[in-house]
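Here is how the chains run, residue by residue.
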Amino acid sequence: MTAATMTMQQSLAHANADMATMASATAGTGSDTGTKGSAIPVQTPRSYTGNPQKNSPALGATLAYMGVDGLLALLHGSQGCSTFIRLQLSRHFKEPVPLNSTALLEDTAIFGGWEHLKKGIAKAADKFKPRIIGVMSSGLTETFGDDMESAWSTLRQERPDLSDLPVVLAKTPDYIGSLQEGYQRTARALVETLAKDPAPREEQAVALFPGVHLTPADVEELKDMVSLFGLTPLVLPDISTSLDGHSELDPAPVVQGGIPLEDIRRIPGCVAAFSFGPSMAVVGEALQRMHGVPHMAIGSLTGLEAVDVFVLKLCQISGRPVPERLLRQRSRLLDTLADYHDQIGQKKIALALESDLLISLAGCLAEFGAVIQTALAATAPDPSAVPEGIPVVVGDLEHLEETAAGSHLIIANSNARQAAIPLKIPHLRAGLPVFDRAGMAQTVWIGYRGTQRFLIDCLNAMAV
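Scoring rules and cut-offs
- Residues numbered from 1 in each chain as written.
- Predicted model: local features only at pLDDT ≥ 70, side-chain atom pairs only at ≥ 80, totals over all residues.
- Heavy atoms only, no water.
- Axes fitted to C-alpha atoms, helices over the stretch in contact; angles between N-to-C directions.
- Helix = DSSP H or I, 4+ residues; strand = E, 2+ residues; numbered from the N terminus.
- Parallel < 35°, antiparallel > 145°, perpendicular 65-115°, else oblique.
- Left-handed = near helix turned anticlockwise from the far one by under 90°.
- Contact = heavy atoms within 4.5 Å.
- Buried < 20%, exposed > 50% of the residue type's maximum accessible area, 1.4 Å probe, protein only.
- Pairing = 2+ DSSP bridges.
- Right-handed = clockwise from strand over helix to strand, strands pointing away.
- Salt bridge = Lys/Arg side-chain N within 4 Å of Asp/Glu carboxyl O.
- Expected span 1.5 Å × (residues − 1).
- Arc of directions from axis to C-beta.

Visitor: Describe the packing of helix α2 (residues 57-65) against helix α8 (residues 179-194), with residues and values.
Guide: One can describe the packing of α2 onto α8 by two numbers: an axis separation of 6 Å at closest approach and a directional angle of 45°. On the basis of the axis angle, α2 is oblique to α8. Two packed elements cross with a definite hand, and for α2 against α8 that hand is right-handed. Of the residues in α8, those touching α2 at Pro-57, Leu-59, Gly-60, Ala-61, Leu-63, Ala-64 and Tyr-65 are Leu-179, Gly-182, Tyr-183, Thr-186, Ala-187 and Leu-190.

What follows is the structure in structure tokens.
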């Protein structure tokens, strides 16, 4: 009997023991996933990169704003920055991305863009009449120190007719990290700005704060899982109805779809809040600090143990047993593991992703017996969020070329093909951008059903 087979059989035995408990569970007892702790090795800083993994934080901010209905996204920076963000997101989602900019030029790069920001907000408000304006800063404006709060405050004094317009301000210079950090900062700004007032208590409503690593289809799956327990999910941001690929008859300068402002204002009255992905915990903590809504951080939703933890939490909150549909999906996942454990166990996998997605997928593969040969994060995760035994380091895709040799599978975005093709290693697309495979926005890799799909996708990629 091989070591892989033993690991898988132990996992299945443990999982089957949990089944009987879950079938009648009405109270959650699990702890949050991905908190076993692991030191992050220090990497020697580089002064050059030929194939970067990082995306702009302002791109992440734009993605967060795309999950709010009727919002006009405004980049405080140069026009070229907004054009690149639109290009990157449009070729990934195959959807138009409404993004405006304050169009800074040479003089503002020297003397500052404070006045430009005031005029930009006023112009956008007068021309398009958005329900909300979401502003994100850039490396240029943060470097010369534009004070966005004072610009908006001054404009409200000059234009009292705009005083009731909600304006969200997020600081997202390029040097704070990658798209994950920009998304996180913006999601937190949305909560602190739009959900700052108390709301009536709703015993069946729960707030969900999905991480940037979830696709529109993932978010829809998450909402469906919560609804099966009779709960009402309020999702912020909610890209499942804005970037899901639905047909829009007319282009618009504001977001069409996403969570409406009325539902965001209900979030302080929720009975509980969940954040998904280690980086999003600060968003749930902000809501708990502001309104006392109990917050539970879910590190991952991919993998048997990870989904079990979330499902048991929903049992606890709703007072209901696990729905039959989820039990059936769990049973299918176990059957898939039994059928293919010898084809995934001990396989060496190389991953290069944003840290929340990296931790989620690497943790799932390790749970099912695969060996994580290399795990390159775009930015450093909290060491306490990294499952034990996952060798996470910060690196770019050029680093992947140096460390993936000998692995059976590479999991990374489309730009990693420059490593996969010369090394002749199968390449499963994940993360952002993915522009050379169809249907990434419709991919579901969370929940029992999504975990099964992820394993099948890995197996099929390695079979090529």
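Visitor: Describe the pairing of strand β10 (residues 371-377), and please don't skip the residues or the numbers.
Guide: β10 sits mainly inside the fold: 5 of its 7 residues count as buried. Relative to β10, strand β9 (residues 348-353) is paired through 6 bridges, and the arrangement is parallel. If you follow Ala-352 over to β10, its bridge partner there is Leu-376. Read as a crossover between parallel neighbours, the route from β9 over helix α14 (residues 355-367) to β10 is right-handed.

Visitor: Describe the pattern of salt bridges, naming the residues involved and giving the relevant values.
Guide: In total, this model carries 15 salt bridges according to the counting rule given. Between Asp-126 and Arg-159 there is a salt bridge; the shortest N-O distance is 2.9 Å. Of this pair, Asp-126 sits in helix α5 (residues 114-128) while Arg-159 sits in the loop between α7 (148-158) and β4 (167-170), and the two are 33 residues apart along the sequence. We classify Asp-126 as partly exposed; its relative accessible area is 36%. Asp-161 is the partner of Arg-159 in a salt bridge, and the nearest nitrogen-oxygen pair spans 2.8 Å. With a relative accessible area of 54%, Asp-161 lands in the exposed category.

Visitor: Please set out helix α3 (residues 79-93) residue by residue, giving values where relevant.
Guide: In this model α3 runs 21 Å from its N-terminal to its C-terminal C-alpha over 15 residues, within 8% of the 21 Å that 1.5 Å per residue would give. Taken as a whole, α3 has its buried residues at Ser-82, Ile-85, Gln-88, Leu-89, His-92 and Phe-93. All buried residues of α3 fall inside an arc of 130° around its axis, so they share one side. Residues Gln-79 and Leu-87 are exposed on α3 and point more than 90 degrees away from its buried face. Contacts made by the buried residues of α3 are with α2, β1 (71-76), β2 (99-101) and α9 (216-227). A positive phi of about 60° marks Lys-94, the residue just after α3.

Visitor: Tell me what's going on with the side chain of His-76, and back it up with residues and numbers.
Guide: By the element assignment, His-76 lies in strand β1. The buried category is assigned to His-76, whose relative accessible area is 0%. Contacts of His-76, omitting those with residues within four sequence positions, involve Thr-102, Leu-104, Gly-113, Leu-117, Val-135, Met-136, Ser-137, Ser-138, Thr-141 and Asp-146.

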